[in-house]
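Residue strings, one per chain:
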Amino acid sequence: QVQLIESGGGLVQAGGSLRLSCAASGRTLSSSVMGWFRQTPGKEREFVAAISWSGGVTDYSDSVKGRFTISRDNAANTVYLRISSLKPEDAAVYYCAAKATVADPSLILNRSYFYHYWGQGTQVTVSS
């Protein structure tokens, strides 16, 4: 069993930056594909970014490409999402997700139904 705990959310002005963290406990993330998703009220959960367990492959949604950066520290069992040039439409609850025990070190996944474990979410609010 894996527990994922997100942190780093908060209120930021448009154009500002944040770094979200996702710390895992209960199991190592070293062979897990990791993803970040976000959700606003009344909308479906939206893919934001994903990273292979090797860290060598990443993927981003078109809406965040060039502004968001996903990274991981397998030794620290933590995944990060650096958010820059925040826009009001980036405001959402951000969720970290893990798909455990992946054989392919380059695999990335951008659909929520592939993921086994989810965190509780961290709120990002953007003021204009």
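Refer to the structure presented above.
Residues numbered from 1 in each chain as written. Predicted model: local features only at pLDDT ≥ 70, side-chain atom pairs only at ≥ 80, totals over all residues. Heavy atoms only, no water.

Enquirer: Even after reading the chapter, I still don't get the sheet that holds strand 1 (residues 3-7), so can you show me in this structure?
Expert: Hydrogen bonding along the main chain pairs the strands of a sheet, whether they run parallel or antiparallel. The strand order across the open sheet built from four strands is 1-3-8-7, with neighbouring strands paired in antiparallel fashion. Edge positions in the sheet fall to strand 1 and strand 7 (68-73), since each of these pairs with one other strand and no more. Taking each pair of neighbouring strands and ignoring which way they run, the sheet shows an average axis angle of 15°. Here five bridges tie strand 1 to strand 3 (residues 18-25), and the two strands are oriented antiparallel to one another. Counterpart to Gln3 in the pairing with strand 3 is Ser25. (Pairing = 2+ DSSP bridges. Helix = DSSP H or I, 4+ residues; strand = E, 2+ residues; numbered from the N terminus. Axes fitted to C-alpha atoms, helices over the stretch in contact; angles between N-to-C directions.)

Enquirer: Any chance you could explain the environment of Gln39 here in plain terms?
Expert: Relative to the helices and strands, Gln39 resides in strand 4 (residues 33-39). Residues Gln39 and Val93, 54 residues apart in the sequence, show an inter-C-alpha distance of 5.3 Å. Ignoring anything within four residues of it in the chain, the contact list for Gln39 reads Glu44, Arg45, Ala92, Val93 and Tyr95. A distance of 3.3 Å separates the side chain of Gln39 from the side chain of Arg45, its partner in a polar contact. (Contact = heavy atoms within 4.5 Å. Polar contact = N/O pair within 3.5 Å; in protein donor to acceptor, adjacent residues only side chain to side chain.)

Enquirer: Even after reading the chapter, I still don't get the environment of Ser7, so can you show me in this structure?
Expert: Structurally, the position occupied by Ser7 is in strand 1. Through-space distance from the C-alpha of Ser7 to that of Ser106 is 26 Å; in sequence the pair is 99 residues apart. Residues in contact with Ser7, not counting those within four places in the same chain, are Arg19, Leu20, Ser21 and Thr122.

Enquirer: Looking at this model, I keep getting lost on the state of the cysteines. Mind explaining?
Expert: A covalent bond bridging the sulfur atoms of two cysteines is what the word disulfide describes. Going through the model one piece at a time under the given rule, you end up with one disulfide. Each disulfide pairs two cysteine sulfurs, and for Cys22 the partner residue is Cys96, the sulfurs being separated by 2.0 Å. Torsion about the S-S bond of the Cys22 and Cys96 cystine: about -75°, corresponding to left-handed handedness. In this pair, Cys22 is assigned in strand 3 and Cys96 in strand 9 (residues 92-99), connecting sequence segments 74 residues apart. A relative accessible area of 0% means that Cys22 is categorised as buried. (Disulfide = S-S within 2.5 Å. Buried < 20%, exposed > 50% of the residue type's maximum accessible area, 1.4 Å probe, protein only.)

Enquirer: Just checking my understanding: could you explain the packing of aromatic side chains for this structure?
Expert: The geometry of an aromatic ring pair is captured by two quantities: the separation of the ring centres and the angle between the planes. In total, this model carries five aromatic pairs according to the counting rule given. Look at Phe37 and Tyr115: their rings are 5.4 Å apart centre to centre, the planes differ by 80°, and that puts the pair in the edge-to-face class. Linking Phe37 in strand 4 with Tyr115 in the loop between strand 9 and strand 10 (117-118), this pair joins segments that are 78 residues apart in sequence. Relative to Phe114, the ring of Tyr113 has its centre 4.8 Å away and its plane inclined at 50°; by these criteria the two rings are tilted. With a relative accessible area of 61%, Tyr113 lands in the exposed category. Ring-pair connections join several aromatic residues into one group, and the members of that group are Phe37, Phe47, Tyr115 and Trp118. One cation-aromatic arrangement involves Arg45 over Tyr95; the distance from NZ or CZ to the ring centre is 3.8 Å. Taking NZ or CZ as reference, Arg45 lies 4.8 Å from the ring centre of Trp118, over its face. (Phe/Tyr/Trp six-rings, centres within 6.5 Å; stacked < 30°, edge-to-face > 60°. Lys NZ or Arg CZ within 6 Å of the ring centre and 35° of its normal.)

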